[in-house]
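Results of the structural survey
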Amino acid sequence: MTAQEVRLSGLLLQEHFGDVVEKVGTRLIRSGVLTLRALAYETKLPLDLVKKSLCVLMQHGMCLFGAGRRGPAGPVEYRIISERILHMLRYPRYIYTAKSLYGDTGELIVEEILQRGQMTMSSTVKTVADRLTHNMPEGQSMDYSEVVSAFSRLVETHFLQRCPPTASAGSSSSGAVNTPLPAVKQPTEPEEHPECYKLPYINLTGQGKRRRSSEDGEADQRAAKKAKTDDSECGDEGIYWQVNFQRFHLHFRDQAIISAVSCKLDQTSSEIVRTMLRMSEVTTPAHAAFTQALSANEIFRALPSSYNIARPILDQYLTLLVDDPMEFVGKTGDSGGGMYVVNLHRALANLARATLESVVQERFGSRSARIFRLLLRKRHLEQKQVEDFAMVPAKEAKDMLYTLLSENLVQLQEIPKTPDYAPSRTFYLYTVNQLPTARLLLQHCYKTVGNLIERRLYETKENKRLLEKSQRIEAILASLQATGAEAAQLTEVEEMITAPERQQLESLRHHINKLDSSENQVDETIFLLESYINSTQAAR
Amino acid sequence: MTEVKVKKESTDPVDIENRIKELCQQFPHGITDQVIQNDMPHVEAQQRASAINRLLSVGQLDLLRNSGGLLYRLKDAQSTSKVKGSDNQEKLVYQIIEDAGNKGIWSRDIRYKSNLPLTEINKILKNLESKKLIKAVKSVAASKKKVYMLYNLQPDRSVTGGAWYSDQDFESEFVEVLNQQCFKFLQSKAEAARDSKQSPMVQRNSSFATSHEVWKYICELGISKVDLSMEDIETILNTLIFDGKVEMTIIAAKEGTVGSVDGQMKLYRGVNPIIQPTGLVKTPCGLCPVFDDCHEGGEISPSNCVYMAEWLDF
């Protein structure tokens, strides 16, 4: 991991799990693979705290364990999966996607599972039903069957998957080390298990329980205890579900492609591409360069009925998509009215290129963006040729090129005419390499998100006193209202916060919201660049 | 009889010269020494040589060499009158400049070709310029370099830079105006096509414009003082492609259709960008000039960042 990624991971771990887990996590990231003893020694934390943090990380699928370098007889070693920690940045986006696809129920299911890391189906259903019932008006409650149906829909479209069974389940609790542990280097892929997406049979009937506010404390404890003992009745113990991040990522990628098509062409073309992508959702492997070939007949049948376009018009749209210079769609054959595929890798490359161009444009101006695009297209150019093609005066062109060069967005290639690299006798060509530039920008993005998080923490810390005061006042107000106090007392308490303090609180809230939303926006850029880099690496 | 003899015998230098000139006119390819000798057998070699030398120095005769021997040729009357009164060196320099033709020649190159010292060259050049025989043209590539060419020649495009340069200055506003005009033309065409609500193929084809159409439109607008050719318009359209606002396709066209070059036509179409400005640039860090110096705990850090403070209060 790079330095920026380590910093960002540390910040995310601290925010979600606290200081202790952050210390353990960053120690593991920095040192690679460690045994328990070594970890405790290096972090200078007591052993049981280290154990608990490792449990938390494992529960969320961020840490793996296995036989170490000394073989099965030696101590167990632990390893962090760094990508999983960075996925924490994207949790809001996953939850929002689930909400837009499957409504509130889906949103809450995904939220619960993300929060807990892994959960059984029955406990998820119960918790979600309780939460939904809490928000519903009096007298209504959420039926378990609705939640179960939402859950099964999520599993059918592969957004949730079963956690891979760990080899040492059951035997490590007794301390016996008889069963050989799998080596740390090969984590089992969840998709390799045949029952990855099979729903267990559970007998769960009933409805969500509404929690009364007066019995808050006791009901919580009782419900918690009940949840633990209820598990064994439902018939699916030991089958844990986790969020399938890859599937969400494929969904985001499809969304990006569809919105690009609709910006470039028109709405109908983007609907056609959406249909094509939907049809090949579960059949295309994750890192494929193209989707499955679909015939025009199939596409015609699968189009949503609201778009009743005639068959020849559909053919015209498909031809236009194929002819477009962006090459989103390609034609691979003529059977069945024409076989069409979506070029996934090329689409990702185009999106990444547009991202790079937009960064250069916003940062350095439209003329520098013109020079940048020119170099992307024409690969290698001399200084004079750059001026001629871009129609920029010589002095300005030189200035812009040198600025871009100093920011490492443009590289210089020397081609000597003579064996000694005499400056007057060498060609100096400017060039842009898309992949290294994308990596550079990705690191910038990580640093930016780290900066935003730190600023948010700083703002919160600065105004801690004010926040605590407002929290106290709210607690007093709530208790007064519950016990039925008079209006005069309420207003008296409210006035304890002065107007400028209220304003300060308001602006603080505004700042924190802005910082949060910009984190999500930068995360979109991170996603595009990461997908592009992964796709080019997979292709090699 | 004696008078005639005397006349004939008198070797008048001017006569000899005139006779040689007449001979040259008779033989426009040039005459050798032998021919002169045959014509005037009574003239001594020395007198002949001095006559020839005089003619050469005045510049009415050209000395050439061929496989046989030396040839003398009559020079053009026009060029003769021009360089009358100049000496050998100036003639040499003038000849070199004349050979350079349209592109002109740099003073250092003149020095190499004529092997004359720099001071001499400068003097001669000043002389020739005052006589209005040559002129100095500033090259657009290197602004300090001056190339010399004959007075009445039109400097070549590579020296002046063509339509985009006026007096050695790149006309950026002119280029910008043309840029915007072409883009507006293509954009309005694309919008008209989109609003026509016909079948998509027809829509796309009608949103295309050939380079010839754009050229005609710009000419009719009349914003350009200089005549622009179709290649000039194509370079402008290329800059629009590099701005990401326009895309181009090439189609095969019959020879003879308006605007086709070598059997192809270039079509241009206005397009929309495929993504919105990306998330990174919506934060101050994406545009920060001191991004690399920013660390937590340093002089510049996220906690005390001025840009962030302003951006948050926006």
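The rules behind the values
Residues numbered from 1 in each chain as written. Chains lettered and ligands numbered in written order. Predicted model: local features only at pLDDT ≥ 70, side-chain atom pairs only at ≥ 80, totals over all residues. Heavy atoms only, no water. Helix = DSSP H or I, 4+ residues; strand = E, 2+ residues; numbered from the N terminus. Buried < 20%, exposed > 50% of the residue type's maximum accessible area, 1.4 Å probe, protein only. Areas by Shrake-Rupley, 256 points an atom, 1.4 Å probe, with all protein chains shown as cover. Contact = heavy atoms within 4.5 Å. Pairing = 2+ DSSP bridges. Buried area = accessible area lost by both parts, 1.4 Å probe. Salt bridge = Lys/Arg side-chain N within 4 Å of Asp/Glu carboxyl O. Polar contact = N/O pair within 3.5 Å; in protein donor to acceptor, adjacent residues only side chain to side chain. Core = buried A, V, L, I, M, F, W, Y, C linked by side-chain atoms within 4.5 Å. Axes fitted to C-alpha atoms, helices over the stretch in contact; angles between N-to-C directions. Parallel < 35°, antiparallel > 145°, perpendicular 65-115°, else oblique. Left-handed = near helix turned anticlockwise from the far one by under 90°. Nonpolar A, V, L, I, M, F, W, Y, C, P; charged D, E, K, R; others polar. pLDDT = per-residue confidence, 0-100. Domains from an automatic or database assignment. Expected span 1.5 Å × (residues − 1).

Summing up its helical and strand segments, chain A has 21 helices and twelve strands in all. Going through the 540 residues of chain A one by one, you find that 46% of them count as buried. Accessible surface, chain A as shown: approximately 27,500 Å² in total, 51% of it carbon and sulfur.

Bringing the overall build of chain B into the picture now. If you tally the helices and strands in chain B, you get 15 helices and eleven strands. Put simply, chain B has 314 residues, and 39% of those count as buried. Here the analysis covers contacts within chain B between residues at least 6 apart in sequence; of these, 49% occur between residues at least 24 apart.

One key point about sheets: their strands pair by backbone hydrogen bonds, in either a parallel or an antiparallel sense. Residues and elements named next belong to chain A. Read across the sheet, three strands follow the order β4-β6-β5 without closing on themselves; strand pairing throughout is antiparallel. Because the sheet does not close on itself, it has two edges, and the strands there are β4 (119-120) and β5 (160-162). Pairing geometry for β5 and strand β6 (residues 240-243), over three bridges, is antiparallel. Counterpart to Gln 161 in the pairing with β6 is Gln 242.

A common way to state how big an interface is: give the accessible area lost once the parts meet. On the chain A side, the residues contacting the 50 residues of chain B number 53 residues. Buried area between chain B and chain A, both sides added, is near 4,700 Å², and the carbon and sulfur share of it is 64%. Ranking the residues of chain B by area buried against chain A places Phe 242, Ile 274 and Leu 312 of chain B at the top, with a combined share of 18%. Linking chain B with chain A are four salt bridges. With a closest N to O distance of 4.0 Å, Glu 176 of chain B and Arg 367 of chain A form a salt bridge. Summed over the shared surface of chain B and chain A, the result is 17 residue pairs in polar contact (both at pLDDT 80 or more). For the side of chain B that touches chain A, the secondary-structure elements that each account for two or more residues are α10 (172-195), α11 (200-206), α13 (230-242), α14 (284-287) and α15 (306-312) of chain B. Per-element tally for the side of chain B that touches chain A: the top contributor is α13 of chain B, with five residues.

Moving on, we get to the side chain of Arg 373 of chain A. Here Arg 373 of chain A is to be found in helix α15 (residues 366-378). Looking at Arg 373 of chain A, its side chain comes within polar contact range of the side chain of Gln 361 of chain A, at 3.2 Å. Apart from residues lying up to four places away in sequence, Arg 373 of chain A is in contact with Glu 357 and Gln 361 of chain A together with Phe 242, Asp 243 and Gly 244 of chain B.

Residues and elements named next belong to chain A. Here Glu 327, not a glycine, exhibits a phi torsion of approximately 55°, which is positive. Residue position: Glu 327 is located in the loop between α13 (311-323) and β8 (329-333). With relative accessibility at 31%, the residue Glu 327 sits in the partly exposed group. Backbone geometry at Asn 408 places phi at a positive 70°, although glycine is not the residue there. As for its position among the elements, Asn 408 is in the loop between α17 (394-406) and β11 (411-416).

The next subject is the nonpolar core. One finds Ile 109 and Leu 375 of chain A to be the most contacted residues of the largest nonpolar core, which totals 102 residues. Ranked by size, the runner-up nonpolar core spans 30 residues in total, among them Ile 258, Val 261, Leu 318 and Leu 321 of chain A.

The subject of this paragraph is the environment of Leu 178 of chain B. Within the secondary structure, Leu 178 of chain B is located in helix α10. When the C-alpha positions of Leu 178 of chain B and Ile 223 of chain B are compared, they lie 8.2 Å apart, and in sequence the two are 45 residues distant.

Moving on: the packing of helix α2 (residues 19-31) of chain A against helix α3 (residues 36-43) of chain A. Residue and element names in this part refer to chain A. Where α2 meets α3, the closest approach of the two axes is 10 Å, and the angle between their N-to-C directions is 115°. By the angle between their axes, α2 is roughly perpendicular relative to α3. Note on packing geometry: the crossing formed by α2 with α3 is right-handed. Contact residues: α2 offers Lys 23, Val 24, Arg 27, Leu 28 and Ser 31, while α3 offers Leu 39, Glu 42 and Thr 43. Considered class by class, the residues forming the contact of α2 with α3 number three nonpolar, two polar and three charged.

Turning to the pairing of β6 of chain A, a few remarks are in order. Note that β4 of chain A and β6 of chain A share two bridges and pair antiparallel. Across the sheet, Met 119 of chain A pairs through a bridge with Trp 241 of chain A, a residue of β6 of chain A.

Mapping Ser 199 of chain B onto the fold places it in the loop between α10 and α11. Residues Ser 199 of chain B and Cys 288 of chain B, spaced 89 residues apart in sequence, show a C-alpha to C-alpha distance of 47 Å. Not counting residues within four places of it along the chain, the set of residues in contact with Ser 199 of chain B comprises Ile 313 and Gln 316 of chain A.

The next thing to look at is the confidence of the model for chain A. On average, residues of chain A carry a pLDDT of 82, and 87% of them reach 70 or more. A low-confidence stretch, residues 168-187 of chain A (pLDDT under 50), is modelled with 18 contacts involving residues beyond four sequence positions or located in other chains.

By the assigned domains, chain B splits into domain 1 (13-74), domain 2 (86-161), domain 3 (172-270) and domain 4 (280-313). Spacing between the C-alpha centres of domain 3 of chain B and domain 4 of chain B amounts to 43 Å.

Residues and elements named next belong to chain B. Given a rise of 1.5 Å per residue, 24 residues ought to cover 34 Å, and the 34 Å separating the end C-alpha atoms of α10 matches this to within 8%. Of all the residues in α10, the buried ones are Ser 172, Phe 174, Val 175, Leu 178, Asn 179, Cys 182, Phe 183, Phe 185, Leu 186, Ala 190 and Ala 193. Immediately downstream of α10, the backbone of Lys 197 shows phi near 60°, a positive value.

Our next topic: the pattern of salt bridges. All names here are of chain A. Summed over all chains, the structure comprises 35 salt bridges over all chains. Between Glu 519 and Arg 456 there is a salt bridge, and its shortest N-O distance comes to 3.1 Å. Here Glu 519, found in helix α21 (residues 499-539), pairs with Arg 456, found in helix α18 (residues 434-462); they are 63 residues apart in sequence, far enough to count as distant. With respect to class, Glu 519 is no different from Arg 456; both count as buried.

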